[in-house]
Amino acid sequence: MNGEEILKLLEDEKNEAELFRQADLVRKQYVGDEVHLRGLIEFSNICRNNCMYCGIRKDNKKLSRFRIEPDELVKTVQKAVNLGFRTIVMQSGEDMYYTRDKLCRIIAAIKKFDVAVTLSVGERTFADYKAFREVGADRYLMRIETTDKDLYHRLNPKMSWDYRYECLLMLKELGYELGSGIMVGLPGQSLKSIAEDLLFLKRLDVDMAGIGPFIPHQETPLANSCGGSLHLALRTMAIMRLLLPDINIPATTAMESLHPKGRILALQSGANVVMPNITEGEYRRLYQLYPGKICINETPVQCRSCIGLKIMSIGRKIGMGYGSRKKVL
Ligand code: 5AD
Ligand code: FES
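Presented here is an overview of the structure given in this document. As the structure is a prediction and not an experimental result, all values here were calculated from the model. (Residues numbered from 1 in each chain as written. Chains lettered and ligands numbered in written order. Predicted model: local features only at pLDDT ≥ 70, side-chain atom pairs only at ≥ 80, totals over all residues. Heavy atoms only, no water.)

With that out of the way, let us pick up the sheet that holds strand β9 (residues 317-318). Here 3 strands make up an open sheet; going across it, the order is β8-β1-β9 and the pairing parallel. The open sheet is flanked by β8 (273-274) and β9, the only strands paired with a single partner. Sheet analysis places strand β1 (residues 34-37) next to β9, joined by 2 bridges and oriented parallel. The partner of V35 across the bridge, within β9, is I318. (Pairing = 2+ DSSP bridges. Helix = DSSP H or I, 4+ residues; strand = E, 2+ residues; numbered from the N terminus.)

In structure tokens form, the structure reads like this:
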């Protein structure tokens, strides 16, 4: 598909059911019926950046900030491993309290549990990425958010799109399985730009692509913007499946935050991964990148069983392996 063909599919609300059906077939053919679970721990909401869309941006002074100390983090992960998770995703704001050494020690401790470790801690240096990889980090998630550089620089003051892209290339070079992705429905983002984003992710040959609707947060400069629609996010995700048939695609939390069946709809329209929250207690409430985030009052045990039931209710099964991308081409 070229940009124009992608654009047509993005615009075509009327026939989206057919697109979803095709994406579901391709998903089944290439990655099968297993849904891979990734246990997500959000371990710090402290961030040096000030992204216009994000609820944990530095200038949100209303938010109380937390950091989970390494010992507690490792204990939480141990419990998640006991619940059966084979992949742990460690996500945080860009919080430099977690130095290279600190993160390396945490990663090494978690690797002892025989799980795949995914990092999602933002932009760091090549030396950091290299050190994390050497102590066993397997995967890295960092969305490019948008490939429209002007829009990116308006939304992410003081950040550089080029450096972010460079980070993605460094991660690839270091042999990480690479996850990236975008938000859809950003203010000033056109469908043509989303089509370009999809082609960018295809060219980069990402191993995982996370696509979610933008949801305006009241304590950000974009409080009064329109958010993205679930359906546009689903169409974008379905097209991603057609473009990169063998990758991992999560049914994103933001989708379910807009609709109680958001993740199920996604799993039936091309997605094959879910990332249940394994963060404990009060911390969940404090990691609201956007309002209405689901699972704020649940425990890791509740999320694990909730999502397990949902997956089985649509005739799918839970993956028992690490759920790495198996390249077909
Ligand atoms: N709405 C939806 N998604 C958001 N993210 C950050 N803020 C928002 C928001 N307001 C997404 C970004 C980021 C990921 C962790 O969460 O894409 O990469
Ligand atoms: Fe958290 Fe359903 S996944 S309550």
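Taken as a whole and judged by the stated rule, the model has 8 aromatic pairs. With centroids separated by 5.4 Å and ring planes inclined at 25°, the aromatic side chains of W161 and Y165 adopt a geometry described as stacked. Residue W161 and its partner Y165 are both found in helix α7 (residues 161-173); the two are separated by 4 residues, about one turn of the helix. W161 gets classed as buried once you look at its relative accessible area, which sits at 7%. With a relative accessible area of 29%, Y165 lands in the partly exposed category. (Phe/Tyr/Trp six-rings, centres within 6.5 Å; stacked < 30°, edge-to-face > 60°. Buried < 20%, exposed > 50% of the residue type's maximum accessible area, 1.4 Å probe, protein only.)

This part is about the site of ligand 1. The immediate surroundings of ligand 1 are formed by Y53, C54, Q91, R143, E145, M183, P213, F214, I215, L289 and Y290. Here an oxygen atom of ligand 1 sits 2.5 Å away from a polar atom, N or O, in the side chain of E145. Expressed as a share of its isolated accessible area of 400 Å², the protein-covered part of ligand 1 is 87%. Looking at the shell around ligand 1 residue by residue, the classes come out as 8 nonpolar, 1 polar and 2 charged. (Near = heavy atom within 4 Å. Polar contact = N/O pair within 3.5 Å; in protein donor to acceptor, adjacent residues only side chain to side chain. Areas by Shrake-Rupley, 256 points an atom, 1.4 Å probe, with all protein chains shown as cover. Nonpolar A, V, L, I, M, F, W, Y, C, P; charged D, E, K, R; others polar.)

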